[in-house]
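Residues per chain, in single letters:
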Amino acid sequence: MSSLRLAVLGNPVAHSLSPVIQRAALDFAGIDGTYVRREVDGRGMEKAAAEIRTGRLDGANVTMPHKSLAASLADVRSEVVRRCGGANTLWMEGGRLRAHTTDPDGVRFAWAHASLPDDAPVLLLGAGGAAAAALTALEDRPVTVSARREEAATTLVERVAPGVPVVSWGRSVPGAVVVNATPLGLAGGMLPGAVIADAAGLLEMNYGNGDTPAAVSLRARGLPVAEGELMLVGQGAASFSIWTGVDVTPTVMLAALDARRRDRRSAERR
């Protein structure tokens, strides 16, 4: 069997931890292969899709801002891609380029691993692709959606889950698990204070360096928090299974992230 060639495609992509977790999965499964970051524009996405079609690349993850383009480049799109409008996983099967999004798998894994309450309502913040994936994953729960542009939240709900209520930005849902599908807290800005004050838990869909202010606040109150890295490994394990047919528990990937953090702290102390 030839070496498996995988990549994560995006712009920017230098921050991506996907190579760390997918390298761990390859090693755990005993599969010879590589997984690299590739910063691409639209033409680069088209080139990568052509490489998958011809076998020069065996599969790819796709991150922002190219998830919608990834879906449009595929011959076959899964139902969840059609609902969410974007794809994060590309591969060839049956002679056709296929697109799927494993982000809902990431949401479900993060929820379970962090022991977020199953009986709590959900307040979903955001109206983009990440919010669409979360809404798909959590549609069997009582979900309320809120976005800084209320019309965008309404459009999201009409497309993905008609009937889900929309509330104005900053309005809280007492006792809800807050699912943050916005960059607020990581790239500047804060989540509304009332929303955090009334929350029963938090799921951050993005990841960065350190805890967000919202995560710090909820942890100080003894409430469960699911960091974005849990989301990352949940969706990454699902992508790995698609490419290889091998199920690797996301905890293998989490261990790789923990080892990376320990190595970085040790290097900083030297």
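Bear in mind that the values here come from a model prediction, so they are computed numbers and not experimental data.

Analysis parameters
Residues numbered from 1 in each chain as written. Predicted model: local features only at pLDDT ≥ 70, side-chain atom pairs only at ≥ 80, totals over all residues. Heavy atoms only, no water. Axes fitted to C-alpha atoms, helices over the stretch in contact; angles between N-to-C directions. Helix = DSSP H or I, 4+ residues; strand = E, 2+ residues; numbered from the N terminus. Parallel < 35°, antiparallel > 145°, perpendicular 65-115°, else oblique. Left-handed = near helix turned anticlockwise from the far one by under 90°. Contact = heavy atoms within 4.5 Å. Nonpolar A, V, L, I, M, F, W, Y, C, P; charged D, E, K, R; others polar. Buried < 20%, exposed > 50% of the residue type's maximum accessible area, 1.4 Å probe, protein only. Arc of directions from axis to C-beta. Salt bridge = Lys/Arg side-chain N within 4 Å of Asp/Glu carboxyl O. Pairing = 2+ DSSP bridges. Expected span 1.5 Å × (residues − 1). Core = buried A, V, L, I, M, F, W, Y, C linked by side-chain atoms within 4.5 Å.

Engineer: Outline the packing of helix α1 (residues 18-29) against helix α10 (residues 228-244), listing residues and values.
Structural biologist: It is at 10 Å that the axes of α1 and α10 come closest, and there the two elements cross at 50°. The orientation of α1 with respect to α10, classified from their angle, is oblique. Between α1 and α10 lies a crossing whose hand is right-handed. Contacts from Ser18, Ile21, Gln22, Ala25, Leu26 and Ala29 in α1 reach Leu232, Val233, Gly236, Phe240 and Trp243 in α10. Residues that form the contact of α1 with α10 fall into these classes: 8 nonpolar, 3 polar and no charged.

Engineer: Run through helix α7 (residues 150-160), naming residues and quoting values.
Structural biologist: Every buried residue of α7 is accounted for by Ala152, Ala153, Leu156, Val157 and Val160. Buried positions in α7, seen along its axis, are confined to an arc of 135° and lie on one side of it. Close packing links the buried residues of α7 with α4 (79-84), α6 (129-137) and β8 (143-146).

Engineer: I'd like to hear about the pattern of salt bridges, residue by residue, with values.
Structural biologist: This structure, assessed with the given rule, holds 14 salt bridges. Across the pair Arg38 and Glu51 runs a salt bridge, and its minimum N-O distance is 3.3 Å. Taken together, the residues span a long stretch of sequence, with Arg38 in strand β2 (residues 33-39) and Glu51 in helix α2 (residues 42-54) at a distance of 13 residues. The class of Glu51 is buried, set by a relative accessible area of 8%.

Engineer: Run through the sheet that holds strand β10 (residues 201-204), naming residues and quoting values.
Structural biologist: Taking strand neighbours across the sheet as the criterion, the 5 strands line up as β8-β7-β9-β10-β11 in an open arrangement whose pairing is parallel. Every other strand in the sheet has two partners, leaving β8 and β11 (225-226) as the edge strands with one partner each. The pairing of β10 with β11 spans 2 bridges and is parallel. In the strand pairing of β11, Leu202 is matched with Val225. Across the sheet, helix α9 (residues 213-220) is in contact with β10 and β11; its angle to β10 comes to roughly 150°.

Engineer: Tell me what's going on with α10, and back it up with residues and numbers.
Structural biologist: In a regular helix each residue adds 1.5 Å, so 17 residues correspond to 24 Å; α10 covers 24 Å between its end C-alpha atoms and thus fits that length. Looking one or two residues past α10, Gly245 carries a phi angle of roughly 75°, positive in sign.

Engineer: Tell me about the sheet that holds strand β5 (residues 89-93), and name the residues and values.
Structural biologist: Strand order in the open sheet made by the 6 strands is β2-β1-β3-β5-β6-β4, with mixed pairing throughout. Looking at which strands have only one partner, the edges of the open sheet turn out to be β2 and β4 (76-77). The sheet contact formed by β4 and strand β6 (residues 96-100) spans 2 bridges and is parallel. Bridge assignment links Val76 to a residue of β6, and that residue is Arg98. The strands touched by α1 within the sheet are β1 (4-10), β2 and β3 (59-62), with β2 carrying the most contacts at an inclination of about 170°. Lying over the sheet, α10 contacts β1, β2, β3, β5 and β6, oriented at roughly 15° with respect to β5.

Engineer: I'd like a description of the nonpolar core, backed by residues and values.
Structural biologist: Within the largest apolar cluster, 58 residues are counted, with the highest numbers of intra-cluster contacts made by Leu124, Leu135, Val145, Val179 and Leu203. Looking at this core, the element that brings in the most residues is α10, giving 7 residues. If sequence neighbours within four positions are ignored, Val179 has contacts with Trp111, Val122, Leu123, Leu124, Leu125, Ala134, Leu138, Leu203 and Met205. Counting residues in hydrophobic clusters, the runner-up holds 19 residues, among them Ala7, Met45, Ile52 and Ala71.

Engineer: I'd like a description of the environment of Val145, backed by residues and values.
Structural biologist: If you trace the backbone, Val145 turns up in strand β8. A sequence separation of 23 residues divides Val145 from Ser168, and the C-alpha atoms of the two residues are 8.7 Å apart. Each residue touching Val145, except ones within four places of it in the same chain, is listed here: Leu124, Gly126, Leu135, Ala153, Leu156, Val157, Val164, Pro165, Val166 and Val167.

Engineer: Describe the packing of α6 against α7, listing the residues and the values that go with them.
Structural biologist: As a packed pair, α6 and α7 sit with axes 11 Å apart at the nearest point and diverge in direction by 45°. As the angle between them shows, α6 and α7 are arranged oblique. By crossing handedness, the relation of α6 to α7 is classed as right-handed. For the pair formed by α6 and α7, the contact residues are Ala131, Ala132, Leu135 and Thr136 on the first element and Leu156, Val157, Arg159 and Val160 on the second.

Engineer: Tell me what's going on with the pairing of β3, and back it up with residues and numbers.
Structural biologist: Side chains of β3 alternate between two faces, with Gly59 and Asn61 and Ala60 and Val62 buried alike. Of the pairings in the sheet, the one linking β1 to β3 comprises 4 bridges and is parallel in character. Bridging from a neighbouring strand, Val8 pairs with Asn61 of β3. The sheet contact formed by β3 and β5 spans 3 bridges and is antiparallel. In the strand pairing of β5, Asn61 is matched with Thr89.

Shape descriptors only; they carry no functional weight alone.
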